[in-house]
Amino acid sequence: MTARSRSILISAGLLAAVGVGVGGAPAIGLVSGTPAADSPEAAHFAWDGRPPRFGADVADPHGSNRWVVRLTDSKDGSFCAEAGRARGRDASRIDPASSPQEDFGRVEADGSFTALPVDPNGVGACSTTPDAPFTFAVDHHPSRGDESATAVIFGAVKSDALSVTVGTKTATYAVPVTRGSFLLTVPDDDLAGGTAVLKLANGLAKTYALHTAKELSSGLGAPSSP
Amino acid sequence: MSQGMDRLRGGVLVLAVLTAVSLGAFARTAFATAGDPNHSSGGVEHGFYPGGSGTDGSFFSRAYPGGGPTYEYCGLVVTGYGTVGSQEAYGTTTCSAWSGSFGSYTECHGSADVYALGVVSRHTHYPLNYCG
């Protein structure tokens, strides 16, 4: 074999090796995978078209529009919950005539209300599992102006007898289950070291460790303690 | 002498091949997050989801556990603003942070910061039309 042909052979081998690395990365556990084009994801999050409902609501700690859960269902049969704000500046209640399509939204920095009709492609945090008939999620809203960062703990419930208790570094909250859902807002920093305990009538109990947005942004909390 | 040289040459070649494999793997990972808005890894679908279109300002950071992990984190990051909002999902709940919940942002500036306990290490996915 001549030096030139050996060199060509070695180069080809190295190129092939790079190819093996490119193709083999998923197999060795690196973050990667197959495209999700034919996945169940679309049906899981896609709205089934039935009217959304208002669930639990609570006053805003800063005196602005009330927080409220919006409940929807997805095309694969999942039940889903979103947390947002209700139209209207009456901090004591939601207008009984209000609509979960037109009167659910967010409050802007200037205090104005923006309606958020259901996005047909995404209906919130969902679950289908029959033996754990609830969802449990925490939204983290950054601080804004004079308002401190807010954590919104919420979920949908498919069981009548479920209790939710949230312990933060400053208080313990027994969160009522109302209209098939629960909702609690607390200062985000209070979640440090906090826990939530959910109990079902069938004896099932789940304990979840809570995290602050600061812990999450620094990479702490989330990786090791669910 | 010649045998020694051959052995040395063989060792260098093996080292070069291993290095090349590593480089390829690294390139694959980088490409997966830069040109790959979302995908399934270890049975967990996750990433950046544009919703109805890539330009309507409604987009999602998601992790769909698929019966695997018991905890997911999904954050929405927008260039110039940092993390504009995030969600944690526990148990069988799917994680889905919607841009609409947190503000009005230009979709192509968005990205998804995702994690699923024990399955997907924390990393970022970008939309196909990511504009920095």
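Residues numbered from 1 in each chain as written. Chains lettered and ligands numbered in written order. Predicted model: local features only at pLDDT ≥ 70, side-chain atom pairs only at ≥ 80, totals over all residues. Heavy atoms only, no water.

### Focus: the overall build of chain B
Helix and strand content of chain B: two helices and eight strands. Traced from its N-terminal end to its C-terminal end, chain B shows the element sequence α-β-β-β-β-β-β-α-β-β. Sorting the 132 residues of chain B into buried and exposed places 51% on the buried side. Considering only contacts within chain B whose residues lie at least 6 apart along the sequence, 49% involve residues at least 24 apart. (Helix = DSSP H or I, 4+ residues; strand = E, 2+ residues; numbered from the N terminus. Buried < 20%, exposed > 50% of the residue type's maximum accessible area, 1.4 Å probe, protein only. Contact = heavy atoms within 4.5 Å.)

### A few points about the nonpolar core
Judged by nonpolar contacts, the single largest core of 26 residues is most densely connected at Phe134, Phe136, Val138, Ile153, Val166, Leu198 and Leu210 of chain A. Taken together, the elements giving at least two residues each to this core come down to strand 8 (136–141), strand 9 (150–156), strand 10 (162–167), strand 12 (181–187) and strand 13 (195–200) of chain A together with strand 4 (71–78) of chain B. Once residues lying within four places of it in the same chain are set aside, the contact partners of Val138 of chain A are Ala151, Val152, Ile153, Leu191 and Leu210 of chain A together with Ser86, Gln87, Glu88 and Tyr90 of chain B. Val78, Val84, Cys95 and Val114 of chain B belong to the second largest nonpolar core, which has 14 residues in total. (Core = buried A, V, L, I, M, F, W, Y, C linked by side-chain atoms within 4.5 Å.)

### Description of the packing of aromatic side chains
One pair of aromatic rings is described through two measures. These are the centre distance and the angle between the planes. Tallied over the full model, the rule gives ten aromatic pairs over all chains. A centroid spacing of 5.2 Å and a plane angle of 70 degrees characterise the contact between Tyr81 of chain B and Tyr105 of chain B, whose relative ring orientation is edge-to-face. Residue Tyr81 of chain B is located in the loop between strand 4 and strand 5 (82–90), and its partner Tyr105 of chain B is located in the loop between helix 2 (99–102) and strand 7 (110–116); the two are separated by 24 residues in the primary sequence. Grouping aromatic residues by their ring pairs yields a cluster made of Phe136, Phe182 and Tyr208 of chain A together with Tyr71, Tyr90 and Tyr115 of chain B. The ring of Tyr49 of chain B has Arg62 of chain B lying over it, and the distance from NZ or CZ to the ring centre is 5.3 Å. Positioned above the aromatic ring of Phe60 of chain B, the side-chain terminus of Arg62 of chain B is 4.1 Å from the ring centre. (Phe/Tyr/Trp six-rings, centres within 6.5 Å; stacked < 30°, edge-to-face > 60°. Lys NZ or Arg CZ within 6 Å of the ring centre and 35° of its normal.)

### Topic: the sheet that holds strand 9 of chain A
Taken together, seven strands build an open sheet; the order of strands is 12(A)-9(A)-8(A)-5(B)-4(B)-7(B)-8(B) and the sheet is antiparallel. Bordering the open sheet on either side are strand 12 of chain A together with strand 8 (120–125) of chain B, each of which pairs with just one other strand. Pairs of neighbouring strands in the sheet enclose a mean axial angle of 15 degrees, with direction left out of account. Note: strand 4 of chain B against strand 7 of chain B, seven bridges, orientation antiparallel. Bridging across to strand 7 of chain B, Tyr73 of chain B finds its partner in Tyr115 of chain B. (Pairing = 2+ DSSP bridges. Axes fitted to C-alpha atoms, helices over the stretch in contact; angles between N-to-C directions.)

### As for unusual backbone geometry
Residues and elements named next belong to chain A. Despite not being glycine, Arg179 shows a phi value in the positive range, around 45 degrees. Relative to the assigned elements, Arg179 resides in the loop between strand 11 (172–175) and strand 12. On the basis of relative accessibility, which here comes to 48%, the residue Arg179 falls in the partly exposed class.

### Description of the pattern of salt bridges
Residue and element names in this part refer to chain A. Considering all chains together, one arrives at twelve salt bridges over all chains under this definition. The salt bridge involving Asp60 is made with Arg85; its shortest N-O contact spans 3.5 Å. Residue Asp60 is found in the loop between strand 2 (53–58) and strand 3 (67–73), and its partner Arg85 is found in strand 4 (residues 79–86); the two are separated by 25 residues along the sequence. Given the relative accessible area of 7%, Arg85 is considered buried. Counted as one network, the salt bridges with shared partners bring together Asp48, Arg50, Arg53 and Asp73. (Salt bridge = Lys/Arg side-chain N within 4 Å of Asp/Glu carboxyl O.)

### What to know about the state of the cysteines
Residue and element names in this part refer to chain B. Summed over the entire model, instances satisfying the criterion amount to three disulfides over all chains. For Cys74, the disulfide goes to Cys95, at an S-S distance of 2.1 Å. Across the S-S bond of Cys74 and Cys95 the torsion is about -90 degrees, and the bridge reads as left-handed. Of this pair, Cys74 sits in strand 4 while Cys95 is found in strand 6 (residues 95–98), placing the two residues 21 residues apart along the sequence. Neither residue differs from the other here; Cys74 and Cys95 are each classed as buried. Bridging Cys108 to Cys131, the disulfide has an S-S length of 1.9 Å. (Disulfide = S-S within 2.5 Å.)

### A few points about the confidence of the model for chain A
All names here are of chain A. For chain A, mean pLDDT is 81; residues scoring 70 or higher make up 77% of the total. Across residues 13–39 the pLDDT falls below 50, and counting only partners more than four positions away or on other chains, this stretch makes 45 contacts in the model. Counting interchain partners and residues more than four positions distant, the pLDDT-below-50 stretch residues 221–226 has 17 contacts. (pLDDT = per-residue confidence, 0-100.)

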